[in-house]
Amino acid sequence: MNGTYTDAVTDNDTSTQVFLPYLSNNSISWTLSATANITSYRIQRSGSGGATVTFYNAAGTSIHAVSRATGTFNVNLVGVKKVSIINGSSGSSTYIQEFDIFGEFVYPVPSALVATPDTRSVKLAWNDIPDAGHLGYVVYMDNQLITATPITNKNYIVTGLAPDVPHKFYVKSVYTGGFYSQMSNEVTAAAYGDPINKPQLSGTEFLDRIDLQWTAVIGAQSYRLYAVDVGQLYAGTNLTYSHTGLPLGTAYTYYVVAYDEYGRTVTSDQIQLKTREPPDPVYPIIEVLSKTHDTVQLRFKNGSPPYTLYRDDDLISNNLSTNVFTFNGTLTSETLYHFRVGYTDVYGRYLESQLDVTTGTLPDAVMPVLTANNVTAESLRLTWNQVGVSYKVLQNGVELGEQTTTFRAVYGLTEKTAYTYQVIAIDRFGRENASNVLTVTTSARPVPTDPPAPTGTPPPISHSDNPDLNKANDQLIQGAKDTKESSMVMIWVIIGIFILIFGAWWLIRIFKKKMTAVHQTKSSGASASAGSAGSGGSAPMNLSLKSVRKTNYNAQKGHGRNNYYVEKTRYSSRQGKQRY
């Protein structure tokens, strides 16, 4: 076993020996300089004693034991730190002539090696090894030792490296006797280039925002803008940012961080900027354009829509789009009203003004003027001027009813009788105002007499002293005229249709007669030609005076007309067919 602890029993000479007396549990043992993995061992002994071989780990726990062992043994023991041979028999002695163990030491290996790139360098770090026989560490780069002597720190900086060139690194631990552990985990890293410069940040102040800008940095891949007490505002590659929606007159502290391709950061100096103060506020002005006993028309000057309007602390609207508003017919006369109007300016300030307005007095009530016309023995017609929304009509002090029109026809009166009438007007304020009292005496019923003979042009049917009756008569007469005109048009249309039908029928009849005469003429010519051709032709039709007769008849209008007809004669043709 290379580098093992040696003793007299490990000399490859069986003539030498170690005597273990007969006392019980008499033993010899060896503690290894480091834990070892044992692959085999051999022992040569003599005597009647027990001689038990035991292997222990670093915690002192037995991991292998064999009694009265002699010869060579192949094993696989991991983490062996101590070996002992015990004579466990009382009264018997044991001699050990040779004892060898074979394997290799397992020195603790540095663990968790990490590499952190930096400017033209790489920082290495690993976990320390708390071992008494540990002397230090050695560092390798690309399988080449770069530390001439062991270092005792658990970190190391490799300098003088070219940027962006990857290198492989690992570490070994060094132990007493010049032994080395196995290599640690291997890491790969490349050094960074030179760092980027610091960006320069500036800004411009406005009422409700602050515009920020910063210089471009060579080698910077991105930027992040921060506001102290606010946090990150922007991340990206732009060089400007507008911080908006800010309250007026408020200060902010800003800084920007530039990131290079390796993720390294450079932070600018902090700057403090403050939003500007707004100008003096412009308050709205309320003007009264007009007012009556129940209406007020207001106009708002200064400011801009939308306006908010209150009347006696009651919200009328918070979104008026015009600067004129009218309270129409909704107010009480001779009443003090308190109006407030406000708006929000471009700086977010709500500005309000107020005005007190007293409505006017009620207008005087107007008395209706009553008149009568179309007085007959049994009826009359009352009319009056429009001064209210409804009216009560009184006859002899008794109410005939309430109505909204300004006239009334009264029927069923007694001839030659005096009646008193009065109208009470009710205006929109509920006030009643009586008209003049009118006394009307009906006329006597006329004595019926024979009507005189009409002379001249009779008056129109619609003539009457009653305008409503005249209008109804005129409508009836006009309807009758329209009906008559429509009927006459329909009659003339029907007559025209009959004339067209009769004319067409007459033309067709004349045409048929002409065609018959032409046909007879052609037939007579054909028969004569056939008769002169010889016996092969058809026999001619013999139209003698005996076969043609004339008849006379009188038409409906007394005109005489001659009618000729041909008697039927019978003859045989060559084919034996009968012809007429």
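Residues numbered from 1 in each chain as written. Predicted model: local features only at pLDDT ≥ 70, side-chain atom pairs only at ≥ 80, totals over all residues. Heavy atoms only, no water.

1. Re the overall build of the chain
Assigned secondary structure in the chain consists of 1 helix and 41 strands. Counting every position in the chain, which comprises 580 residues, the buried fraction comes to 30%. Put simply, of all contacts in the chain between residues at least 6 apart along the chain, 60% involve residues at least 24 apart. Taken as a whole, the chain presents about 35800 Å² of accessible surface, with 53% of it coming from carbon and sulfur. (Helix = DSSP H or I, 4+ residues; strand = E, 2+ residues; numbered from the N terminus. Buried < 20%, exposed > 50% of the residue type's maximum accessible area, 1.4 Å probe, protein only. Contact = heavy atoms within 4.5 Å. Areas by Shrake-Rupley, 256 points an atom, 1.4 Å probe, with all protein chains shown as cover.)

2. Here's the deal with the pattern of salt bridges
The full count for this structure, using the stated rule, is 15 salt bridges. Between Arg349 and Asp345 there is a salt bridge; the shortest N-O distance is 2.9 Å. Accessibility expressed as a relative area gives 21% for Arg349, which makes it partly exposed. With a relative accessible area of 11%, Asp345 lands in the buried category. Between Glu378 and Arg445 there is a salt bridge whose closest N-O contact spans 2.5 Å. Here the residue Glu378 occupies a position in the loop between strand 30 (370-373) and strand 31 (380-384), and Arg445 occupies one in the loop between strand 37 (438-441) and helix 1 (467-532), the gap between them amounting to 67 residues. Given a relative accessible area of 37%, Glu378 falls into the partly exposed group. (Salt bridge = Lys/Arg side-chain N within 4 Å of Asp/Glu carboxyl O.)

3. Some thoughts on unusual backbone geometry
The omega torsion of the bond from Pro305 to Pro306 falls at 0 degrees, within 30 degrees of zero and hence cis. Residue position: Pro306 is located in the loop between strand 24 (296-301) and strand 25 (307-311). The backbone of Arg68 sits at a positive phi, close to 55 degrees, despite the residue not being glycine. Tracing the chain through its elements places Arg68 in the loop between strand 4 (62-66) and strand 5 (71-87). We classify Arg68 as partly exposed; its relative accessible area is 45%. One non-glycine residue, Asn302, lies in positive phi territory at about 70 degrees. Taking the relative accessible area as the measure of exposure, Asn302 reaches 35% and is therefore partly exposed.

4. Describing the environment of Leu438
If you trace the backbone, Leu438 turns up in strand 37. Spatially, the C-alpha atoms of Leu438 and Tyr419 are 8.2 Å apart, while their sequence positions differ by 19 residues. Contacts of Leu438, omitting those with residues within four sequence positions, involve Leu370, Thr371, Ala372, Leu382, Tyr419, Thr420 and Tyr421.

5. Structural notes on the confidence of the model for the chain
Close inspection of predicted coordinates is inappropriate in any region flagged by low pLDDT. Within the chain, residue pLDDT values average 83, and 81% of them lie at 70 or more. The low-confidence segment residues 1-6 (pLDDT under 50) makes 12 contacts with residues lying over four places distant or belonging to another chain. In the predicted structure, residues 569-580 sits below a pLDDT of 50 and forms 19 contacts with residues beyond four places in sequence or in another chain. (pLDDT = per-residue confidence, 0-100.)

6. Concerning the layout of surface pockets
Estimated volume of the second largest pocket: approximately 220 Å³. If you trace the second largest pocket, you find 11 residues lining it, with Glu104, Phe105, Val106, Tyr107 and Tyr180 closest to the centre. Going through the elements one at a time, strand 6 (94-105) and strand 13 (179-180) are the ones with two or more residues in the lining of the second largest pocket. Considering only residue class, the lining of the second largest pocket consists of 6 nonpolar, 4 polar and 1 charged. (1 Å grid on protein atoms, 1.4 Å probe; cavity = no way out; pocket = protein on both sides within 12 Å on 5 of 7 lines; lining within 4 Å. Points joined across faces, edges and corners; volume = space filled by probe spheres on them. Nonpolar A, V, L, I, M, F, W, Y, C, P; charged D, E, K, R; others polar.)

7. Section: the sheet that holds strand 28 (residues 336-344)
Spatially, the 4 strands line up as an open sheet ordered 26-25-28-29, and their pairing is antiparallel. The open sheet has two edge strands, strand 26 (314-320) and strand 29 (350-358), and neither has a second partner. Adjacent strand axes in the sheet meet at a mean angle of 15 degrees when their direction is disregarded. Pairing analysis gives 4 bridges linking strand 25 to strand 28, with the strands arranged antiparallel. Considered in strand 28, the bridge of Tyr310 is made with Arg340. (Pairing = 2+ DSSP bridges. Axes fitted to C-alpha atoms, helices over the stretch in contact; angles between N-to-C directions.)

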